[in-house]
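Geometric and topological summary
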Amino acid sequence: MHFASWAFLLFLAVLVPVYYLVPKRIQWIVLLLANAVFVGFAGWLGAVFMTVTITTVYAASRGIDALILRQRKTLAAMKATHTKEERKKTRLRFEKRRRAVLIACLVVNFGILFVLKYGAMIGKLSAELFHTREFGADLALTMGISYYTFSSVGYLVDVNREELFAEKNPCKLALFISFFPLLVQGPITRFETVGKALLSPHVFDGRRFLSAALRIAWGFWKKLIVADRLLVAVLALCGAPGTYRGGFVLVEMLLYAACLYADFTGGIDIAIGVGELLGVTVEENFRRPYFSKSISEYWRRWHITLGEWFKRYVYYPLSVSKPMRALSKSTRRIGAGVSRRVPVYLSTILVWALTGAWHGSNLTFLIWGLLNGLVILASEELKPVYARFHARFPRLTASAFYRGLAVIRTVLLLSSLRILDCYSTVGEAFSAFGSLFTTWNWGQVAAGIPSLGLAASDYAIALMGVLLMFAVSMAQRKGAIRERIQRRGTVASVCVLLLLIGTILLFGRYGFGFDASKFVYSRF
Amino acid sequence: MRKKLLTIGGVLLCCIVFFGALYALSRLVAPKYREALIEGHLTGEYYDEETDHDVLFVGDCEVFEHFSPVVLYNEYGITSFIRGGAQQLVWHSYYMLLDALETETPKVVVFNVLALKYGAPQSEAYNRLNLDGMRWGGAKIGAIRASMTDGEDFLSYVFPLLRYHDRFDKLTAEDWRYWFSDGEPVSFKGYIMHTGVKPATKTPTPPALSDPRLPETSMAWLEKLAALCEEHGITLVLIKSPSIEPYWYPEWDAEIASFAKSRGLRYYNMMDGSETGVDLSTDTYDQGQHLNVIGAEKLTRWFGGILKEEFGLRDHRGEAAYDADYAALSVRYEAEKQRLSEGME
Amino acid sequence: MEQLLDILREMHPETDFERETRLVDDGVLASFDIVMLITRIEEEFDVVIPAKDIVPEHFNSAKALYALIERIAEQDD
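Residues numbered from 1 in each chain as written. Chains lettered and ligands numbered in written order. Predicted model: local features only at pLDDT ≥ 70, side-chain atom pairs only at ≥ 80, totals over all residues. Heavy atoms only, no water.

**Comments concerning the packing of aromatic side chains**
All names here are of chain A. Considering all chains together, one arrives at 63 aromatic pairs over all chains under this definition. Here the aromatic rings of Tyr19 and Tyr20 are separated by 5.0 Å at their centres, their planes lie at 80°, and the arrangement is edge-to-face. Taken together, the aromatic side chains of Tyr261, Phe264, Phe286, Tyr290, Tyr298, Trp299, Trp302, Trp352 and Trp368 make up a single cluster linked through ring pairs. The cationic tip of Lys117 hangs over the ring face of Trp358; the distance from NZ or CZ to the ring centre is 5.1 Å. (Phe/Tyr/Trp six-rings, centres within 6.5 Å; stacked < 30°, edge-to-face > 60°. Lys NZ or Arg CZ within 6 Å of the ring centre and 35° of its normal.)

Have a look at this one:
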C-alpha cells in the first residue's frame, strides 16, 4: 500500500474513526491490527522478516534487561564483601554477556538487511568469480525494512545502555516496530518518544485533526505536483548519459534536487501527518535543508533521523571505542594534531561509507558516501581559513548576500555529489560531471528541454510548485506555518486544505493519464 | 454559540464552493466528443430517444456506420436504434442491451459478431469512449467492471476529473463550447454518416490463425447475451457486416454458424455483395473497412427486407408519434447528406 | 573548569563558552567538534566519556560538560 493510492486513503478513513471510537485501553490494539493489515498488504515475505525482527529484538531486550537486573543485584551483594577490583571484574563479565546477546541480535537483523541489499550483488559476483550458479537476483528489499531495522536496533542498544527498560509485552514492542506510517519512507524513530506515545491513550482533537490533514495534503501536493512531474525529466536525463552531457547535467542536478526534496519531504510530511492524525508525535526529519550554509549543516537538517542514528549508535561509540583510543595514542609521537584527528577522521569515513551502503548496494552509493565524508572533513580543516576571511571582511561576510552565496554553493555542491545517485556506474557519473566543464552546449540544452517528456505547462507548474515550497520554507523561519493558518480560524484552515486538495486533483500526476510512480526514496 | 454557527456556516460555504468548482472543472476537462472522436457521443444519445424501438442493433463500427434507422423506417416502417460504439466489445454490447432493457423491450436484437475476436479488454480509451456516456445503474457498473484494463480504477468513472485532469492544458474551443450544453446529436438514431468514396483495392492477406477458435471469454459473453434475450422474449439475430478488414476468418464464421444452429438463432453473413448489393469498390469511404452512406443504405434496404419477412416486424408508418419523430430526423438526415457531399467537392 | 574552557576556546575562539547553554542545539559544536573534544578531554583529564553519555544535554554548556567529567572521574565500579 503506497501513500498515493486510494487503498491507503480508504485504510485511513476506516482506521481513524475506529481508533477514536474504541475504548482507550484497546486503542493500541486497534493500531497494532492496522499495522498488521498494512504490512500484510505489502506481501507475506515482508511480514516474515518483520516478525523475525520483532521476535529477536524482544528476546534480546528482555535477556539484556534480566542480565542488567542480575548484575545490579550481584554487585550490590558484593559491595560489603568484595574488593573494588573484584566488583569491576564481575561488572565486566556481565557487560560482556550483555554485549554477546546484543551482537547476536544485531547479526540476525543486519544480516537480513545485508542479504536483501547485497544478495543479488554477491550472487552475481560469485557467479563471475567461482562460476557458481547466479543467485539472489530476485531478492528485493521488503517494505520499510531499512527503517524499522534501524529503529529496532536503536531500541535494543538503548536498553543495553540502561536508558530504557525493555518492553515486557511483545505486542507492544511489535506496535512500535511495525508502526505503519513509518514503513514507507521513515523516519527512523526512537522507542522513548514514538514507542511510548503509541501506547498512551489518545482523545480526538478537531484542531489537531485539521492540522494533520493540512500536513498530509501538503505532503501529497509536493509529491504529486512537483516530484512526480520532475521525476519524468530526471529519469530521461539519467537514462541517456551518452546523450545528455554538459549543460544537461546541470539541469539534471537542479531538477533532481527539487524532485528529491519534494518527494522525500512530502513522504515524511504524510508519515508525520498520519502520526498526528492518530495523536502520535513523530520526530521531524527535515529542517529546511536547502537553506544550509555548509554540507555538515545540511546533514544536520536533511534526513535528520538517519544522521542522528548514525551519530548515536556508530559514530560516537566508534570514536570512543578502545581500539580507536589505542590507535589515537599510538600516533601521539607523530604529533598531537594527528593523534587527535585519528578518531574523528576514521569514524567520519566509516560512518559515511555505511551511510552510502545504507542507501544502496551500488558502488556509486559508497563513493557518494565517502565523498560526503571527505567534503565534511575538508571543510572542517578549512575552518580556520574561513575564520580569517571572516575576520578580514566582517561587513561582507555578515551580509545576507554572502549567506545567500553560501547557501547556493552548498546546494550546488550537494547536487554535484548526488549525481552519483543518478547513474548506474561511477564512471558514468564522473564523466557526466566532467562534461559540465568541458562541453559547452547551452543551445542544445535550450532546444532539448522540451523533449524530456514534460510539456511547457508541466515546467510551469513545477516552477510554481518549487516557488511555493520556497515561500513556505521562508515563512517557516518565522514559526510553524500551520499554527499561523489555524490561528486565523477554522474556516481559513479549511479553505487552505480544500485549495491544496483541489490543486492536487487538478494538477497532480496520478491516474491513468500518468504512470503511477512511487516515492523516490522508498527503495532504501 | 454565534461564533460556532458562523464557523460551521463558513466551512459549509467553503465546501459548496469547492465541490461546485470541482464539478465545473470536471465537466470542462471531460472530452466532449462533439467535433473530434464523435463516436464517444453515441452512447449518451440513446437516452434522448422519445419513441421506442422494435429493433436494437448492438456491436462495433460495423453496425453504427453500416445501418441507417432512417431508411429502415422510411422503407419498411421498422423502428430501430443502434447502440454501437467504437470497438464496442461483446460485454459492452451485453451491458448496452441490459441498460436499454430498463426502459424498453425490443422485439429483435441484432448483434454484429466481429467483436467476438477480442476476448479481453483492449484499450482504456475505447472503454471510456463507450462507457462514459452511459447512465448510472447496474448495467454501467457491470460494464465498467468487465472492461477495466490494468491501471484503471473504478473511481475515475465515478469522478471523471480523476481521469481527465491531465487535459487541462489540452482544452480546445470544443471543450468551452460544450462545457454545460450538449447540443444536437451527432448520429441518426445511432448511425454515423460518411459520404466519401475510397474503394477497396487490396486483397487482404491474413496471417494464419494460431488458434482457430474464437476466445472462450467472448463466446461466454455471447452465451450470456443470448440468454438475456431469451429471458426477455427477444429474438437475437447474429450478423457479420460486410468489410474486408479486420479479416473475418472462415474458421470463426463456421464456429458462429454452429453456435447459431445449436441455439436456434439466425446468422447472416453479409460479406457476399451479390446478395446484399453492397459493392466495396464504390460503397466504402476507407478502402473496405467501413461503408459510406450509399453502402449503408443498400445494406439496410436488403436487411430491412429480411427483418420484415423473416421476423414479421410491424410497419409503424401512419402512427403519429413515429411519423413525426422520423420525419424530423429525415430532414436532418438529408441535410447532413447534402452538407457532407458538398464538403467533399 | 578553566582547563576545559581553554580547550573549548582553542576550538572556537569566537564563542563565549561561559555563558552559552545551547552549544549543540545551535550547531556551535557539531559531531566533528564533539569527537575532537572527547579526545582532548581524555588527553587532559584522563577521563573517557562513554558513548551513552554523548548526548546534547551534556555538551550544550561548558558547565554541564564539566559536571559530566567530574562525575565520570569520581565513579568507581
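**Thoughts on the environment of Thr55 of chain A**
Residue and element names in this part refer to chain A. Tracing the chain through its elements places Thr55 in helix α3 (residues 44-78). When its relative accessible area of 48% is taken as the criterion, Thr55 is described as partly exposed. Along the chain, Thr55 and Glu192 lie 137 residues apart, while their C-alpha atoms are 19 Å from each other. (Helix = DSSP H or I, 4+ residues; strand = E, 2+ residues; numbered from the N terminus. Buried < 20%, exposed > 50% of the residue type's maximum accessible area, 1.4 Å probe, protein only.)

**Concerning the pairing of strand β2 (residues 80-84) of chain B**
All names here are of chain B. Burial analysis of β2 places 5 of its 5 residues in the buried class, which makes it a mostly covered element. Relative to β2, strand β1 (residues 55-59) is paired through 5 bridges, and the arrangement is parallel. Counted as the bridge partner of Val55 is Ser80 from β2. (Pairing = 2+ DSSP bridges.)

**A few points about the interface of chain C and chain A**
Between chain C and chain A, the contact holds 24 residues from the first and 27 residues from the second. In this assembly, chain C packs against chain A so that about 2,300 Å² is buried in total across both faces, 61% of it on carbon and sulfur atoms. Linking chain C with chain A are 3 salt bridges. Salt-bridge contacts for Glu43 of chain C lead to Arg340 of chain A; the nearest nitrogen and oxygen are separated by 3.3 Å. (Contact = heavy atoms within 4.5 Å. Buried area = accessible area lost by both parts, 1.4 Å probe. Salt bridge = Lys/Arg side-chain N within 4 Å of Asp/Glu carboxyl O.)

**A look at the interface of chain A and chain B**
At the interface, 20 residues of chain A touch 22 residues of chain B. It is Leu498, Leu506 and Phe512 of chain A in chain A that bury the most area against chain B; as a group they hold 37% of the surface buried on that side. Our count for the contact surface shared by chain A and chain B stands at 5 residue pairs in polar contact (both at pLDDT 80 or more). Contributing elements (two or more residues each) for the side of chain A that touches chain B: α21 (456-476) and α23 (490-507) of chain A. Among the elements that take part in the side of chain A that touches chain B, α23 of chain A stands out by supplying 10 residues, more than any other. Looking at the side of chain A that touches chain B residue by residue, the class counts come to 14 nonpolar, 6 polar and no charged. (Polar contact = N/O pair within 3.5 Å; in protein donor to acceptor, adjacent residues only side chain to side chain. Nonpolar A, V, L, I, M, F, W, Y, C, P; charged D, E, K, R; others polar.)

**Quick word on the domain arrangement of chain A**
Residue and element names in this part refer to chain A. Annotation of chain A at the domain level lists domain 1 (6-204), domain 2 (205-286 + 424-524) and domain 3 (291-422). The C-alpha-based centres of domain 1 and domain 2 are spaced at 31 Å. With 29 residues of domain 1 at the contact, the number on the domain 2 side is 26 residues. Between domain 1 and domain 2 the total buried area reaches about 2,100 Å² when both faces are included, carbon and sulfur atoms providing 68% of it. Its largest share of buried area at the contact with domain 2, domain 1 owes to Gln185, Pro187 and Phe204, together 30% of the area lost on that side. Applying the counting rule to domain 1 against domain 2 returns 0 salt bridges. For the interface between domain 1 and domain 2, the tally reads 9 residue pairs in polar contact (both at pLDDT 80 or more). Every element with two or more residues in the side of domain 1 that touches domain 2 is listed here: α1 (6-21), α5 (145-160), α7 (182-185) and α8 (191-199). (Domains from an automatic or database assignment.)

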